[in-house]
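# Structural description and commentary
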Amino acid sequence: MGMKRATTFAAAAVAVVLAASACGPSDYKASDSTQPAGAAAEAAPAAAGPGNQPGGQLAASVTEQLGSVLTDSAGLTLYRFDKDTAKPPKSNCEGDCAKTWPVVAAGDVTAASGMDPSLLGEVVRSDGTKQLTVAGWPAYRFNKDAKPGDINGQGVGGVWFAFGPDGKKAAKAAPAEAAPAAPAAPAEAAPGLSVAKDPKLGDHIVDGKGMTVYRFKKDSAWPMVSNCVGDCLAKWPVVPPVDKANAKGITEKNYLVLDRPDGKKQQTVDCWPVYTFSGDKKPGDTNGQGVGGTWYAVSPDGKLITVQ
């Protein structure tokens, strides 16, 4: 069916679509910086229901409920129907069903990063149109998913389920059973994120040790991309994943984890990768502010604080 296969990462950039795929371009049309005095809150754009569009660049979005979920290029979740068949591929969702569950048109689609491109295929529907299949299963969207990251179709009627990147029903892997171990000292608590106040910067995010958290202007949130690699990471260590329960006063919008190709997992705030600075030696230091005109502290809503 002439589908495009996923290309390799560019050597100069680390592009990861994850978790991150729950972030859509409509989230980032407004200004991405703020002043300490505070700016007007961004208005959320109105979202229309999904239609029978091609999937475009697929992505694997990490969710708390289901683990890794397959999404289209707009970050909308893709679903499969238990009453369909995969061998041979056949759709049994017609008429009103197809209005509630718009089909994903075949044609313009690229496999998600790390996904086997051979899983993608197509099936000819009864009306002659072609529908995308994943591991043989016809793919749909749900008309009540209004924005990236929604998974309102999961489990509907006991027959509709989100796709995992392998074409199976998305589900978190069960934790492996560990053999009983002797009592050990309590594990060190994961570092948290919170909000501190600085005379110049105002409210800004700090990690569990009180160290200032920064963003890199050369990164992007859609798709989630970190362009800090190699020697850069020695100066700007990534902030490791922090559970929402340990993040106080931080926006919960698109609070996701970035799976980096170098194997590290990085916390994002509103889909922006965040870092600390090796030049900050003690809590309250803000030596990274404005470095190179590209590194800035982060406001509680994930925006850059560009004051010098």
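Rules behind the numbers
- Residues numbered from 1 in each chain as written.
- Predicted model: local features only at pLDDT ≥ 70, side-chain atom pairs only at ≥ 80, totals over all residues.
- Heavy atoms only, no water.
- Disulfide = S-S within 2.5 Å.
- Buried < 20%, exposed > 50% of the residue type's maximum accessible area, 1.4 Å probe, protein only.
- Helix = DSSP H or I, 4+ residues; strand = E, 2+ residues; numbered from the N terminus.
- Polar contact = N/O pair within 3.5 Å; in protein donor to acceptor, adjacent residues only side chain to side chain.
- Phe/Tyr/Trp six-rings, centres within 6.5 Å; stacked < 30°, edge-to-face > 60°.
- Contact = heavy atoms within 4.5 Å.
- Pairing = 2+ DSSP bridges.

In the annotation of an unreviewed UniProt entry, the entry for the protein chain reads SCO0930 family lipoprotein, and the organism field reads Streptomyces erythrochromogenes.

### Focus on the state of the cysteines
The tally for this structure, following the rule as stated, stands at two disulfides. Here Cys 93 engages in a disulfide with Cys 97; their sulfurs sit 1.9 Å apart. Measuring handedness by torsion sign, the sulfur bridge of Cys 93 and Cys 97 sits at about -110° and is left-handed. The buried category is assigned to Cys 93, whose relative accessible area is 0%. Cys 97 sits in the partly exposed class, given a relative accessible area of 22%. Two residues share a disulfide in this structure: Cys 228 and Cys 232, whose sulfurs sit 2.0 Å from each other. Here the disulfide of Cys 228 and Cys 232 is left-handed, its torsion about the S-S bond being about -110°.

### Considering the environment of Asp 262
Considering the arrangement of structural elements, one finds Asp 262 in the loop between strand E19 (257-259) and strand E20 (265-269). Relative accessible area serves as the criterion here: at 42%, Asp 262 is assigned to the partly exposed category. Taking the C-alpha atoms as reference, Asp 262 lies 8.7 Å from Val 229; in sequence the two are 33 residues apart. A distance of 3.1 Å separates the side chain of Asp 262 from the side chain of Arg 260, its partner in a polar contact. At 3.0 Å, the side chain of Asp 262 and the backbone nitrogen of Lys 264 are in polar contact.

### Description of the packing of aromatic side chains
For the coordinates displayed, the defined rule picks out twelve aromatic pairs. Judged by centre distance (6.3 Å) and plane angle (80°), the rings of Tyr 214 and Phe 277 are edge-to-face. Here Tyr 214 is found in strand E16 (residues 214-216), whereas its partner Phe 277 is found in the loop between strand E21 (272-273) and strand E22 (295-298), with 63 residues between them in sequence. Residue Phe 277 is classed as buried on the basis of its relative accessible area, which comes to 17%.

### Details of the environment of Val 159
Looking at where Val 159 falls in the secondary structure, it is placed in the loop between strand E12 (137-138) and strand E13 (160-162). The spatial distance from the C-alpha of Val 159 to the C-alpha of Asp 84 is 9.7 Å, given a sequence separation of 75 residues. Apart from the residues within four sequence positions on either side, Val 159 is in contact with Arg 80, Phe 81, Asp 82 and Lys 83.

### Quick word on the sheet that holds E21
In a beta sheet, neighbouring strands pair by backbone hydrogen bonds and run either parallel or antiparallel. With antiparallel pairing, three strands are arranged side by side in an open sheet as E19-E20-E21. Each having just a single partner strand, E19 and E21 make up the two edges of the open sheet. Relative to E20, E19 runs antiparallel, the two sharing three bridges. Among the inter-strand pairings, Leu 258 is bridged to a residue of E20, identified as Gln 266.

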